[in-house]
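# Architecture and fold: a report
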Amino acid sequence: MGMDLATLAARVATETRIPVTGRDIERILVALLSAEDVWRIAELARIPLLALCAGLRALADAGWVSWESWLVRLTDAGAQACTQLGLSPAPALDCPRCGGRGIELGLLNQLSAAFHELAADRPDAAQEFDQGHVTEETTISRVAEMWRHGDLAGKDLLVVGDDDLVSVAAALTRLPRRVAVLDVDPRITSFIGKVAKRESLRIEILSHDLRAPLPRSLARAFDTFACDPTESLEGFLLFAGRGLASLRGPGSAGYLGLTHAEASLAKWRAIQERLVAWGAAITDLRDAFHAYVNWPYVETMRGWEHLPVRRVPGRLEPWYRSALLRIELVTEATVDLGPVEGNIFLDDEAATT
Ligand code: SPD
């Protein structure tokens, strides 16, 4: 059967400096049993994109995978190896009604229609800030998730970075007592400002670079925070840490997005450990909850050159997904993050920056 999975994983880990296990190589093979399009393979494999690309090359060297034009396929030897390893395609078991989110959006139909209309002329995702926004349906679902957990109605909400327009969707429900939003991108703050004025929504809008600590007036002032961080370890913890510092104390909650496409399970673990060390419990984790609209800079992102076949995905052909994490403080937050400098978007696993 040629190489074993652990040996292939070790090669990929050395090449990419990303922690990769034999189980990750197995995930690539299982994805290849179900799909031939590179973006669909990336979506199904749920491992860092750069590890996937290196893994596909290692599998090609082993004679298990080949590609031509847009397609990546198992060879006969690869298919045989999968059989010997006992691998079969993952069954499609997601609920067709909710797409696996576990949310019935019926109650929010009107809000959803209004939000789609308002978001129609939103700013495009900017590479400078590693933006990539989720679909409108995803934003509504995130707000619905806050509502059903009791983190929205009558509560004070801070949105930390808002290319997803969560502040707008949350304010449209007219449920929160207070909605505040921070963003560094003037296009986002002015867009939210325009919409808020037109729709008479009370949203406090602050221009803020998260590398600096929160303004004093926002510290320990909120019941709930929401953010969809950049995925480098440093960047993620900066968003999460600033969010936690904004919370009142035990019982306050945070919502975050965390992907596999740019975060190994080793990074997931490091993040989870830090969230717990800062005083939070992870109460909910819904994988693949967030679906992203493809950003306009796919061809200049870091991962592009690594792909075995290069096809620009359609705007609404989501392959990049992330989990929704809900955390809740069980002690006072013990975040000790001062100001930081430099590029917070890069680490070995970052692929879409
Ligand atoms: N670089 C494009 C995808 C990055 C997604 N993470 C940031 C999410 C902000 N909504």
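Residues numbered from 1 in each chain as written. Predicted model: local features only at pLDDT ≥ 70, side-chain atom pairs only at ≥ 80, totals over all residues. Heavy atoms only, no water.

Let us look at the domain arrangement of the chain. Parsing the chain into structural domains produces domain 1 (2-85) and domain 2 (106-329). On a C-alpha basis, the centroid separation for the pair domain 1 and domain 2 is 31 Å. Taken together, the contact pairs 21 residues of domain 1 with 27 residues of domain 2. Across the interface of domain 1 and domain 2, roughly 2000 Å² is buried in total on both sides, 69% from carbon and sulfur atoms. Viewed at the interface, domain 2 and domain 1 are joined by three salt bridges. Between D37 and R311 there is a salt bridge, with the nearest N and O atoms lying 2.9 Å from each other. At the junction of domain 1 and domain 2, the tally comes to seven residue pairs in polar contact (both at pLDDT 80 or more). (Domains from an automatic or database assignment. Contact = heavy atoms within 4.5 Å. Buried area = accessible area lost by both parts, 1.4 Å probe. Salt bridge = Lys/Arg side-chain N within 4 Å of Asp/Glu carboxyl O. Polar contact = N/O pair within 3.5 Å; in protein donor to acceptor, adjacent residues only side chain to side chain.)

The next thing to look at is the sheet that holds strand β6 (residues 224-227). Pairing is mixed across the open sheet formed by seven strands, whose spatial order is β5-β4-β3-β6-β7-β9-β8. Both outer strands of the open sheet, β5 (204-207) and β8 (280-291), are each paired with one neighbouring strand and no more. Recorded for the sheet is a direction-independent mean angle of 20° between the axes of neighbouring strands. One ladder, built from four bridges, connects β6 with strand β7 (residues 253-259); its direction is parallel. Residue pairing in the sheet places T224 in a bridge with A253 of β7. Against the sheet, helix α7 (residues 136-148) engages β3 (156-160), β6, β7, β8 and β9 (321-329), with an angle of about 155° to β8. (Pairing = 2+ DSSP bridges. Helix = DSSP H or I, 4+ residues; strand = E, 2+ residues; numbered from the N terminus. Axes fitted to C-alpha atoms, helices over the stretch in contact; angles between N-to-C directions.)

Bringing the site of the ligand into the picture now. For the ligand, the set of nearby residues contains 13 residues, the closest of which are D130, G132, E231, Y297 and T352. One of the side-chain nitrogen or oxygen atoms of Y297 is found 2.9 Å away from a nitrogen atom of the ligand. Note that a nitrogen atom of the ligand is positioned 2.7 Å from one of the side-chain N or O atoms of T352. For the ligand, whose accessible area on its own is 330 Å², the fraction buried by protein is 97%. If you map the ligand onto the pockets, it falls in the second largest pocket. Class assignment for the residues of the shell around the ligand results in five nonpolar, three polar and five charged. (Near = heavy atom within 4 Å. Areas by Shrake-Rupley, 256 points an atom, 1.4 Å probe, with all protein chains shown as cover. 1 Å grid on protein atoms, 1.4 Å probe; cavity = no way out; pocket = protein on both sides within 12 Å on 5 of 7 lines; lining within 4 Å. Sits in = over half its atoms within 2 Å of the grid points. Nonpolar A, V, L, I, M, F, W, Y, C, P; charged D, E, K, R; others polar.)

Within this model, the largest pocket holds a volume of roughly 1000 Å³. Looking at the lining of the largest pocket, the elements that each hand over two or more residues are α2 (22-34), α3 (38-45), α4 (49-61), β8 and β9. Examining the composition of the lining of the largest pocket, we find that six residues originate from one element, α2, more than from any other. When its residues are assigned to classes, the lining of the largest pocket shows 22 nonpolar, seven polar and eleven charged. Composition of the lining of the largest pocket by domain shows at least three residues from each of domain 1 (2-85) and domain 2 (106-329). In this structure, the second largest pocket occupies an estimated 490 Å³ of space. If you go around the second largest pocket, you meet 31 residues; those closest to its centre are F129, D130, T230, F239 and F345. (Points joined across faces, edges and corners; volume = space filled by probe spheres on them.)

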